[in-house]
Amino acid sequence: MPRPRTPLTRLFTVLLAGLLAGLVLAVAALPGNVLAGVATKAALGAFDDPPAALRTPATPQRSYLYANDGKTLLTTFYDVNRTDVPLVDIAPVMRQAIVAAEDRRFYSHGGADLRGIARALVANVTGGGTSQGGSTLTMQYVRNVLKTDPSRTAEERQAATEQTVGRKVQEIRYATELEKTLSKDEILNRYLNIAYFGSGAYGIAAATQRYFGKTPADLTLGEAALLAGLVQSPDEYSPIDGDRDAALARRGYVLDSMVDTGAITAAQADQARAEKLTLRPTPQPNGCAATGQGTSDAGFFCDYLRRWWLGQPAFGANAEEREQALRRGGYTVVTSLDPDVQATAVEEARKVYADDNKRALPIAAVEPGTGRVLAMAVNREYGVGENETVNPLISGGGSVEGYQAGSTFKLFTMLAALESGKTLSTGFDAPSKLPTRYDAGEGEGSCDGKWCPANANPERMDGYRMMWDGFGRSVNTYFVWLAEQVGEDKVVEMAQRLGITFRAEADANFAENDAANWGAFTLGVAATTPLDLANAYATVAAEGTYCTPTPVVSVTAPDGTKVPVGQSSCKRVLSEDVARAATDAARCPVGQQSAYGQCNGSTAGGVDRIVGRPVAGKTGSSEQNATETFVGFTPQVAVAGIAANPDDPSDAVGGPVQSQVIAAVARTIRTAVDGQPVRDFTAPSRELAGDMRRPEPPRPSPRPTEPQRQNDRGLPPDILRWLQNRRG
């Protein structure tokens, strides 16, 4: 049913409102000649159509980032701290309080309350109490929209608050037009969602959270009256940042006004007035540096998500527009971060190195088959303070090129070999040192001028090896030989196919221009990151399906629609059988057994005991133990950790830390799979396993007799007989 309105002709509205507004402003000491000129100009332009933003406001709202459970708040992003809520989610006492405080005749006027303007004029002229402006809630809503509308220029937004007759007349005109298209409740709802309540809180949702740590639906009468009293002078009355006594006095005024309007009884007002003001100031996190508040230091993950966001065209035509969308668009982002996995990874990284240690252990966890990043942790605080950093130590980028991951790159050689037709049984009698075709000059690592890689532990590594024990024992000479058989360029291409990015200029140039001669690539001399490495191994865990890493599960716009971003971008890059074969060999390093019983040595045997279910992985040590790496995976998760000094590659972390890195990654895996069903790996085909018969070791020759031994020296028979007679 249409509600009654107060009809005002255009001419009457403009002349009378302009006159009263002009008088109010004149009393405020505007010069007479300026007043007359501005009033005339305002009157001439008073019939412009109201901006579209008044009917469909693009008011800035903060965006929320949640963990993958949709409940754990990581942080929020905002320029203006506000979130829209429907009127039904706002306590009735709050609606009554704001009407009583700001516009008692709200439900009876048509947008501009001439009686209220006159009352304000009298109050201001006589100097009775606080200065009043006579603006209705509708007029205040118009002003708030125009001063925050992102589609308007900065000059236009500033003009919305200027103390001029023109602005006042325009405000009245827009308000009366708006009330012809919107209901009173809709206007009230919009006002409550845009008004400033002080202490950085815009809108009733942000205000109730900021002052009382609750939702608008749960406000008490006293709390509602306090908040309603703040909008007249938010910074002055704020009980957190301003004058607490003034805030209480203003609360009393609002309660009395609610009695006058019949919203509450005098007894209810007295009871609310007697209540002790109990504030629960709740910090409003803003940006990635705020993620340490109640979360497991997700700042580096948050930064990764923000950089991902800035690359999504769905949020704007350029990075600036996308940044504004994040800070003003009111999105709800359910990220891929698993709070439990993140907490474990952070704890484990800090067990190895303290926050202020120059060395670091960045750890990344990825879900195979989806690319969802479950955790990004490091023993650093995200920020710009002492012992803090904003460098992307886990994902790489900017000045962070990554770290050498050592023998973990042997996986790419094995995959390239399997794909080329070789089997897991491919055998080679691996020597302690292997002369290659690459020139090396003189010095260590050179055999007659050729690069000559060596096994780190000849006693454990030398001898006849197949892919199973070559990978399990991490035999350098076996894999350098294997890379030569396959072609080093094929190995480099395989790494790139699985998502290894060459951020270091020298690595990128080698990969592009001379990959066929990159003999040491299989030993992990290229820089990488834990995120790239975890995702590459996740591709093998997913039986050959590569997924682009993603930090989100869903993004929802303020109107409830899903934004089509963040879906897994996956494709097959390996055959299932090749991936299964590589996984079968990767059971060896962690102390488990392959499907064909060919594991006979490991470098991370403790992983089996820690994880307690089917698991695979690989260790890696760079030259002189400058870095120590471990990557482990199950069918449900892949985790990588690299111990390094991010600022000084020459600072070797040392071999002893490897066991700690292995344990840190293994415990993170254990947390990630806790509560999930135990899944085994699928065995590769018999064809790809190949002929597993190892060559018979050479039989020792019979122990020679003494004459034979002598004869071996080439002595004449008569001399031998003479020697025998003497011994006899």
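Preceding this section is the structure that the text describes.
This write-up is about the structure you can find in this document. Treat the numbers as computed from the prediction; the structure is a model and nothing was measured.

## Some remarks on the pattern of salt bridges
- Within the structure shown, the criterion is met by 37 salt bridges.
- Of the charged contacts, one joins Lys214 and Glu223 as a salt bridge, the two residues approaching to 3.0 Å between their closest N and O atoms. For the residue pair Lys214 and Glu223, the accessibility class agrees, reading buried in each case.
- The closest approach of N and O atoms between Asp680 and Arg587, which form a salt bridge, is 3.7 Å.

## Considering the sheet that holds strand E19 (residues 638-643)
- Across the sheet, which stays open at both edges, the five strands sit in the order E5-E4-E19-E18-E17 with antiparallel pairing between neighbours. A strand with exactly one partner marks an edge of an open sheet, and here the two such strands are strand E5 (373-377) and strand E17 (616-621). This sheet shows a mean twist of 5° between the axes of neighbouring strands, independent of strand direction.
- With four bridges connecting them, strand E4 (residues 363-366) and E5 associate as antiparallel partners. Residue Ala364 lies in a different strand from E5, and its bridge partner there is Met376.
- Where helix H17 (residues 339-352) meets the sheet, its contacts fall on E4 and E5, and the angle it forms with E5 comes to roughly 25°.

## Description of the sheet that holds strand E1 (residues 63-66)
- The sheet built from four strands is open, its strands ordered E2-E1-E3-E15 with mixed pairing. The outermost strands of the open sheet, each flanked by one partner alone, are strand E2 (73-77) and strand E15 (552-556). Within the sheet, the average angular offset between the axes of one strand and its neighbour, ignoring direction, is 15°.
- As paired elements, strand E3 (residues 332-335) and E15 share four bridges and run antiparallel to each other. Its bridge partner lying in E15, Thr332 is registered against Thr556.

## Description of the packing of aromatic side chains
- A full pass over the atoms with the stated rule returns 22 aromatic pairs.
- Seen in terms of ring centroids, Tyr211 and Phe212 are 6.4 Å apart; in terms of plane orientation they differ by 50°. Their pairing is tilted. When sorted by exposure, Tyr211 lands in the same class as Phe212, which is buried.
- Ring centres of Trp468 and Tyr596 lie 6.4 Å apart, and the angle between their planes is 55°; this geometry places the pair in the tilted category. Of this pair, Trp468 sits in helix H20 (residues 467-472) while Tyr596 is found in the loop between helix H25 (576-586) and helix H26 (606-611), placing the two residues 128 residues apart along the sequence.
- It is Lys184 that lies over the ring of Phe106; its NZ or CZ is 4.5 Å from the centre.

Reading guide: rules and limits
Residues numbered from 1 in each chain as written. Predicted model: local features only at pLDDT ≥ 70, side-chain atom pairs only at ≥ 80, totals over all residues. Heavy atoms only, no water. Salt bridge = Lys/Arg side-chain N within 4 Å of Asp/Glu carboxyl O. Buried < 20%, exposed > 50% of the residue type's maximum accessible area, 1.4 Å probe, protein only. Pairing = 2+ DSSP bridges. Helix = DSSP H or I, 4+ residues; strand = E, 2+ residues; numbered from the N terminus. Axes fitted to C-alpha atoms, helices over the stretch in contact; angles between N-to-C directions. Contact = heavy atoms within 4.5 Å. Phe/Tyr/Trp six-rings, centres within 6.5 Å; stacked < 30°, edge-to-face > 60°. Lys NZ or Arg CZ within 6 Å of the ring centre and 35° of its normal.

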